[in-house]
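# Residue-level structure breakdown
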Amino acid sequence: MGFLLAGIRRKSSFTANQATSKVVEVPKGYLAMYVGEKMKRFVVPISYLNQPLFQELLSQAEEEFGYDHPMGGLTIPCSEDAFLDLTSRLN
């Protein structure tokens with residue numbers, strides 16, 4: 001299952017790090033998420049949680065993964081490009 005956002009431009013201005021076996025601290029006011037097939041780690045502002053587009057994405061994550069997120073952060077069921085497109089709209 002994927003998340004498709006049509007007609008959204010790509011522009012990113014937040015931190016993205018590769019998922020590693022090390023635990024990396026997340027700054028206060030931010031949230032770690034794992035996105036895409038390669039489970040790329042993104043750190044996004046918690047203010048995104050109030051945005052309707054982001055809430056829709058979280059609802060899809062809940063449907064697919066429930067509340068079990070083995071990576072330590074939220075696991076999001078969409079492509080990295082779709083996630084970047086969505087977050088660029090929120091910036």
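Residues numbered from 1 in each chain as written. Predicted model: local features only at pLDDT ≥ 70, side-chain atom pairs only at ≥ 80, totals over all residues. Heavy atoms only, no water.

Here is the rule we go by: UniProt positions are given in the numbering used here, feature names are shortened, and annotations may be inferred rather than shown by experiment.
Identification of the protein chain as Auxin-induced protein from Arachis hypogaea is taken from an unreviewed UniProt entry. UniProt lists a comment for the protein chain under the heading Sequence similarities (unreviewed entry), and it reads "Belongs to the ARG7 family."

## Some words on the overall build of the protein chain
Stated formally: A helix here means a DSSP run of H or I that spans at least four residues, while a strand means a run of E at least two residues long, and both kinds are numbered starting from the N terminus. Residue burial is assigned from relative accessible area. The probe radius is 1.4 Å, only protein chains are included, and a residue is buried under 20% of its type maximum, exposed over 50%, and partly exposed in between. Contacts were defined at the residue level, with two residues in contact if any of their heavy atoms lie within 4.5 Å. Computed with a 1.4 Å probe, the accessible areas rest on the Shrake-Rupley method; for each residue, only the protein chains presented here act as cover.
The helix and strand tally for the protein chain stands at two helices and four strands. Reading the helices (α) and strands (β) of the protein chain from amino to carboxyl end gives β-β-β-α-β-α. Across the 91 residues of the protein chain, 36% fall into the buried class. Residue pairs at least 24 apart in sequence account for 62% of intrachain contacts in the protein chain once pairs closer than 6 positions are excluded. Per element, the accessible surface of the protein chain, about 5900 Å² overall, is 50% carbon and sulfur.

## Some words on the side chain of Ser88
Spelled out, the test is: For the purposes of these results, a polar contact is taken to be a pair of N or O atoms within 3.5 Å, where, inside protein, one atom must be able to donate a hydrogen and its partner to accept one; residues adjacent in sequence count only when each atom of the pair is a side-chain atom.
Mapped onto the fold, Ser88 is located in helix α2 (residues 80-90). Within the structure, Ser88 has its side chain in polar contact with the backbone oxygen of Asp85 (distance 2.7 Å).

## Description of the nonpolar core
Operational definition: To form a nonpolar core, buried Ala, Val, Leu, Ile, Met, Phe, Trp, Tyr and Cys residues must be joined to one another through side-chain atoms within 4.5 Å.
Val44, Phe54, Leu57, Ile76, Cys78 and Phe83 are the most contacted members of the largest nonpolar core, which has 15 residues in total. Mapped onto this core, the elements with two or more residues apiece are β2 (30-35), β3 (40-45), α1 (52-65) and α2. The element contributing the most residues to this core is α2, with five residues.

## Digging into the pairing of β2
The condition that has to hold: The pairing criterion is simple: DSSP has to find at least two bridges between the two strands.
Bridge count between β2 and β3: six bridges; the pairing is antiparallel. Across the sheet, residue Met33 finds its bridge partner in β3, namely Phe42. In this antiparallel pair of consecutive strands, β2 and β3, the connection spans four residues, and Gly36 shows a positive phi of 85°.

## Some words on the environment of Gly73
Position of Gly73 among the secondary structure elements: in the loop between α1 and β4 (74-76). On the accessibility criterion, Gly73 (8% relative accessible area) is buried. Between the alpha carbons of Gly73 and Val26 there is a distance of 10.0 Å; along the sequence they are 47 residues apart. If we skip the residues at most four places from it in the chain, Gly73 touches Ala32 and Tyr34.

## Some remarks on α2
Counting buried residues along α2, eight of its 11 residues qualify, which places the element largely inside the surrounding structure. Along α2, the positions that sit buried rather than exposed are Ala82, Phe83, Leu84, Asp85, Leu86, Thr87, Ser88 and Leu90.

## Thoughts on the confidence of the model for the protein chain
Counted only if it meets this: Per-residue confidence from the predictor is reported as pLDDT, which spans 0 to 100.
When pLDDT is averaged along the protein chain, the result is 74, and 66% of the positions lie at 70 or above. No element of the protein chain has a lower mean pLDDT than strand β1 (residues 15-17), at 47, and none a higher one than β3, at 92. Counting contacts from residues 1-21, a segment whose pLDDT is below 50, to residues more than four positions away or on other chains yields 49 contacts.

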